[in-house]
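Coordinate analysis (summary)
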Amino acid sequence: MLQCTVKFCGGCNPRYDRGDAYRQIREALSGTAQFSLPEAGQHYDVLLILRGCTGCEYLYENIPAAHRLVCTCTGDMDGIIKKVREIASRPINTTKED
């Protein structure tokens, strides 16, 4: 099971309900990915960044993760779910950084 973490942008200009999007993504990936809040010193397979708009470019480089996936609208959710499933299906030690 993939170890994933999530970061929400500051929410200055949200165009969708990021909390609901996170819930839906988590539910769709149950059994594939385990989500938690970031912890110091922990490396993650996936960092999910939920932005409220397209204006912010911050990628939270201080959080070690093999893959960074960015959601800026509900239209991104299916692609993120597909990408996490693709990452999970790769053989161990062959994941490349995105």
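None of the values given here were measured: they were computed from a predicted structure.

Conventions used here
- Residues numbered from 1 in each chain as written.
- Predicted model: local features only at pLDDT ≥ 70, side-chain atom pairs only at ≥ 80, totals over all residues.
- Heavy atoms only, no water.
- Helix = DSSP H or I, 4+ residues; strand = E, 2+ residues; numbered from the N terminus.
- Rg over C-alpha atoms; globule rule 2.2 N^0.38 Å.
- Buried < 20%, exposed > 50% of the residue type's maximum accessible area, 1.4 Å probe, protein only.
- Contact = heavy atoms within 4.5 Å.
- Areas by Shrake-Rupley, 256 points an atom, 1.4 Å probe, with all protein chains shown as cover.
- Lys, Arg positive; Asp, Glu negative; His and termini not counted.
- Charge placed at Lys NZ, Arg CZ, Asp CG, Glu CD.
- Expected span 1.5 Å × (residues − 1).
- Arc of directions from axis to C-beta.
- Salt bridge = Lys/Arg side-chain N within 4 Å of Asp/Glu carboxyl O.

**Examining the overall build of the protein chain**
In terms of helices and strands, the protein chain carries two helices and four strands. For the protein chain, the N- to C-terminal ordering of α and β elements is β-α-β-β-β-α. For 98 residues, the compact-globule estimate of 2.2 N^0.38 gives 13 Å, and the protein chain sits close to it at 13 Å. Oriented by its inertia axes, the alpha-carbon framework of the protein chain measures out at about 40 × 25 × 20 Å. Across the 98 residues that make up the protein chain, the buried fraction comes to 39%. Across the protein chain, contacts joining residues at least 24 apart in sequence account for 58% of those joining residues at least 6 apart. For the protein chain, the exposed surface amounts to about 5,700 Å²; the carbon and sulfur share of it is 48%. Mean positive and mean negative side-chain charge positions of the protein chain (12 and 12 charges, respectively) differ by 1 Å.

**So, the side chain of Thr5**
Structurally, Thr5 can be placed in strand 1 (residues 2–8). Among the residues examined, Thr5 registers a relative accessible area of 0% and is labelled buried. Non-local contacts of Thr5, meaning those with residues more than four positions away in its chain, are made with Ser36, Leu37, Pro38, Tyr44, Val46, Leu47, Leu48 and Ile63.

**Structural notes on helix 2 (residues 77–89)**
Each α-helix winds once per 3.6 residues, and so residues spaced three or four apart point in a common direction. If you check helix 2, its first and last C-alpha atoms are 18 Å apart, about what 13 residues at 1.5 Å a residue would give, namely 18 Å. Of all the residues in helix 2, the buried ones are Met77, Ile80, Ile81, Lys83, Val84 and Ile87. Each buried residue of helix 2 sits inside an arc of 165° when the element is viewed along its axis, so together they form one side. Those residues of helix 2 that are exposed and angled more than 90 degrees off the buried face are Asp78, Lys82 and Ser89. Buried residues along helix 2 sit in contact with strand 1, helix 1 (18–28), strand 2 (33–36), strand 3 (44–50) and strand 4 (65–71).

**Some points on the pattern of salt bridges**
Applying the stated criterion across every chain yields a total of four salt bridges. Across the pair Glu27 and Arg23 runs a salt bridge whose closest N-O atoms are separated by 3.1 Å. Here Arg23 and Glu27 lie together in helix 1, a separation of four residues that amounts to about one turn. For Glu27, a relative accessible area of 49% corresponds to the partly exposed category. Arg90 is the partner of Glu86 in a salt bridge, and the nearest nitrogen-oxygen pair spans 2.9 Å. For Glu86, a relative accessible area of 34% puts it in the partly exposed group. Here the salt bridges share partners, and the residues they tie into one network are Asp20, Arg23 and Glu27.

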